[in-house]
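Chain by chain, the residues run as shown.
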Amino acid sequence: MTSALAFGQVTEGRTSTGLRYLERKSDSDTLTFFFHGLGLDATDYLGYLSHTDTHGIALNLRGYEPDRSAGIPPVPLASHIRLAAAFVEQVSRENAGKKIVLLGFSLGADLILQLAEHWQGGRGITAVHAAVLLDPNVNQSTMTISRLFAEADPTDPVPAFKRLVNLAPDKDGFRSLCHYLAKVAPKDFEHVAQLSRDMITYWRPDGYDQFGARLHNVTRVADHVRLVLSAAYGEHLSAMRTAMGRHGDRDSVSVELTEFDHFDLIDEERLTSVLAPFTG
C-alpha cells in the first residue's frame, strides 16, 4: 500500500488491487474502518478523519472514487465484499494489537452485514471490537434511492435524479438530496446502477426476520454492536426489535433512534458522538 495525496494529516493510499482509501494514522489503540453509502465515497468521512485523534481509514469501493473516470466495468456486489474483506484483513494484520471498529452508513452498513456473513466460520478477521451501523436497510421498503437508481437508464440517470429530489419532504430534505446528488452525478452511473440492482436482490421486499438474522451474524464477529437510526426509522423500530429478540439480540445490541435526517448521520459531530464509546 502506498500513499499518494495528503489532506492535512489525512493521506490517500492505494492497495495492490487498486482500491483507494483515506487514512488518518495515529498510535491510538483502536483502528476504525469507514464504509460509504450508495454513490458516495471516502471523502464523506474526511472532516471526521481530519479532526480525530484516533487511527481511521475510509475505503472507496472500486469505481466510486470522486475523480474516477468512466471505463472500468461495473463491479458486482460479491466482488466488492471480497475486496473490502481482504483490505480489512490485511490492514488489521499490519496493525496487530489494535482494536478493530467498523462503521458503515446506509449501503455501507449493509456491507458490514455482508462482511459478517463472509467472516462466518473463522475466515479472515479474528475479532471485531465494535460494529456501528448507521441506517442499515431492513428490507426493500427502506431502499427508495436504490430502487430509483436500479430502474434508471444508466446512460441517462437525470430523470431518476429529478424524481429523487421531488421526494424531498421539506426545504432541509431538498438541500440534503441536492448535496447528495452533487456527489453522485460526477460518477460513472453504470457502477451505481449495478450496485443498486445487486442490493435490491440482497433484500426481501418486506418483513424483518431477514434483517434480524443478518444482524445476528454481526454479533457473532463483533464484541459490541450499535445501531444508529434516523428519524424516519421510527416506523420500523418496533418490528426491528422484535426480529432482534428472536435471535436473543434485543438487549445485547445498542439501538439509538435519533431526530436526525438520514444524511445528517455522517455529520462530523454525529460521528464523533457515536464512535466515542469505542474509540475514546
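Above: the structure in question.
Here's a quick rundown of the structure.

1. Structural notes on a negative patch on the surface
Part 1: Together, D170, D261, D264, D267, E268 and E269 make up a negatively charged patch on the protein surface.
Part 2: Position of E268 among the secondary structure elements: in helix 10 (residues 268-279).

2. Description of the pairing of strand 6 (residues 99-105)
Part 1: Of all 7 residues that make up strand 6, 6 are buried, and the element is covered over most of its length.
Part 2: Looking at chain direction, strand 4 (residues 30-35) and strand 6 are connected through 6 bridges and run parallel. Its bridge partner being in strand 6, T32 is matched across the sheet by V101.

3. Some words on the nonpolar core
Part 1: Counting 94 residues, the largest nonpolar core has F33, F35, F149, Y180 and L227 as the members making the most contacts within it.
Part 2: Examining the composition of this core, we find that 8 residues originate from one element, helix 2 (residues 77-94), more than from any other.
Part 3: Not counting chain neighbours up to four residues away, the residues in contact with F33 comprise I57, F87, V88, V91, S92, I100, V101, L102 and L103.

4. Focus: the packing of helix 4 (residues 144-151) against helix 5 (residues 158-165)
Part 1: Packing of helix 4 against helix 5 leaves a shortest axis separation of 9 Å and a crossing angle of 155 degrees. Comparing the axis directions of helix 4 and helix 5 gives the class roughly antiparallel. Handedness of the helix 4/helix 5 crossing: right-handed. Along the contact surface, helix 4 presents I145, L148 and F149, while helix 5 presents A160, F161, R163 and L164.
Part 2: Of the residues belonging to the contact of helix 4 with helix 5, the class tally is 6 nonpolar, no polar and 1 charged.

5. A word on the pattern of salt bridges
Part 1: Counted according to the given criterion, the structure contains 9 salt bridges.
Part 2: With its nearest N and O atoms 3.0 Å apart, the salt bridge here joins R20 to E12. Comparing R20 with E12 shows no difference in burial state: the two are buried.
Part 3: With a shortest N-O distance of 3.4 Å, E256 and R270 are connected by a salt bridge. Separated by 14 residues along the polypeptide, E256 in strand 9 (residues 253-257) and R270 in helix 10 bring together distant segments of the chain.
Part 4: Since its relative accessible area comes to 23%, E256 is described here as partly exposed.

Definitions and cut-offs
- Residues numbered from 1 in each chain as written.
- Predicted model: local features only at pLDDT ≥ 70, side-chain atom pairs only at ≥ 80, totals over all residues.
- Heavy atoms only, no water.
- Patch = residues over 30% accessible without salt bridge, like charges linked within 9 Å, V, L, I, M, F, W, Y side chains within 5 Å.
- Areas by Shrake-Rupley, 256 points an atom, 1.4 Å probe, with all protein chains shown as cover.
- Salt bridge = Lys/Arg side-chain N within 4 Å of Asp/Glu carboxyl O.
- Lys, Arg positive; Asp, Glu negative; His and termini not counted.
- Charge placed at Lys NZ, Arg CZ, Asp CG, Glu CD.
- Helix = DSSP H or I, 4+ residues; strand = E, 2+ residues; numbered from the N terminus.
- Buried < 20%, exposed > 50% of the residue type's maximum accessible area, 1.4 Å probe, protein only.
- Pairing = 2+ DSSP bridges.
- Core = buried A, V, L, I, M, F, W, Y, C linked by side-chain atoms within 4.5 Å.
- Contact = heavy atoms within 4.5 Å.
- Axes fitted to C-alpha atoms, helices over the stretch in contact; angles between N-to-C directions.
- Parallel < 35°, antiparallel > 145°, perpendicular 65-115°, else oblique.
- Left-handed = near helix turned anticlockwise from the far one by under 90°.
- Nonpolar A, V, L, I, M, F, W, Y, C, P; charged D, E, K, R; others polar.

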